[in-house]
Amino acid sequence: MNSSATSDLYRDITDFARTTPSWFQHLAELWTEAGLLLFGVLFIAVWWYARSAGPRAVAVAVLAPLATAVAYVCSELTKSALTEERPCRAVAGAGASLIPCPPVGDWSFPSNHATIAGAAAIALAIARPLLAYLTVPMALLMAFSRVFVGVHYPHDVAVGLVFGGVVATVVVLAAARPVGTLVRTMRTSRSGLALLLAGPGRPRTVDHTGATERA
């Protein structure tokens, strides 16, 4: 899967990484994992906000982390089938990676971190479009950090971002309607847990005929 061009780019990026200050290197190492935690916080915040909106908004918010999980599983299955070696072992002449090279059997293509980041970024943007201004840069930085610290080729993260975004989009759009119907049903339940998960929705309104309706 790897080519001379992507190997050269990997060497260029990792050579540059080793010229940066130690604090910047540590920041890049931290971001490769901290970004996942921040996406988790955003999942919770978007769901909590959506609870006061319509059923579809809740459905999309709930599906965002689920779609990300599906993208991760698809990425892991792809890695296991293609078995591309990590560049920190395979690229001749490359310096040592900033973090320990993953063990043999923990394959390189596509990048799970980039796949998760791409899926989370797009799923959250579908739920709250303005979040794209935050989540897309987050995903791009997380993907780049995996090359920067030396554990992935550039093509690993590029494909991972696109792959994750596509899978998340398909899952969210395909399941939004049935999950929205489930949310509407849960809002009529007397179960405290169901109401907590689905939220109260919008307050009741009265239309011109005098009928009440609720989102």
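For the structure itself, consult the block above.
1. Things to note about the overall build of the protein chain
Helices and strands together make up the secondary structure of the protein chain, namely eight helices and two strands. In the protein chain, which comprises 215 residues, the proportion classed as buried is 42%. Excluding contacts between residues fewer than 6 apart, the proportion of contacts in the protein chain whose partners are at least 24 apart in sequence is 76%. When the accessible surface of the protein chain is totalled, it reaches about 11,000 Å², and 70% of it is carbon and sulfur.

2. Some remarks on the nonpolar core
In this structure, Phe-39, Leu-124, Ala-139 and Val-172 are the most contacted members of the largest nonpolar core, which totals 38 residues. Counting residues per element, this core draws most heavily on helix 7 (residues 154–186), which supplies eight residues. Counting six residues, the second largest nonpolar core, distinct from the first, contains Ala-17, Ala-28, Ile-99 and Val-149.

3. Quick word on a nonpolar patch on the surface
Together, Trp-23, Phe-24, Leu-27 and Leu-30 line one region of the surface with nonpolar side chains, adding up to about 440 Å² of accessible area. Its location among the elements puts Leu-30 in helix 2 (residues 22–50).

4. Topic: helix 6 (residues 132–148)
Since the α-helix turns once every 3.6 residues, residues separated by three or four places project in the same direction. For helix 6, with 17 residues, the first-to-last C-alpha span of 23 Å sits near the 24 Å given by 1.5 Å per residue. The complete set of buried residues in helix 6 reads Thr-135, Met-138, Ala-139, Met-142, Ala-143, Ser-145, Arg-146, Val-147 and Phe-148. Taken from the residues just after helix 6, Gly-150 is the one with a positive phi, measuring 95°.

Calculation rules
Residues numbered from 1 in each chain as written. Predicted model: local features only at pLDDT ≥ 70, side-chain atom pairs only at ≥ 80, totals over all residues. Heavy atoms only, no water. Helix = DSSP H or I, 4+ residues; strand = E, 2+ residues; numbered from the N terminus. Buried < 20%, exposed > 50% of the residue type's maximum accessible area, 1.4 Å probe, protein only. Contact = heavy atoms within 4.5 Å. Areas by Shrake-Rupley, 256 points an atom, 1.4 Å probe, with all protein chains shown as cover. Core = buried A, V, L, I, M, F, W, Y, C linked by side-chain atoms within 4.5 Å. Patch = residues over 30% accessible without salt bridge, like charges linked within 9 Å, V, L, I, M, F, W, Y side chains within 5 Å. Salt bridge = Lys/Arg side-chain N within 4 Å of Asp/Glu carboxyl O. Expected span 1.5 Å × (residues − 1).

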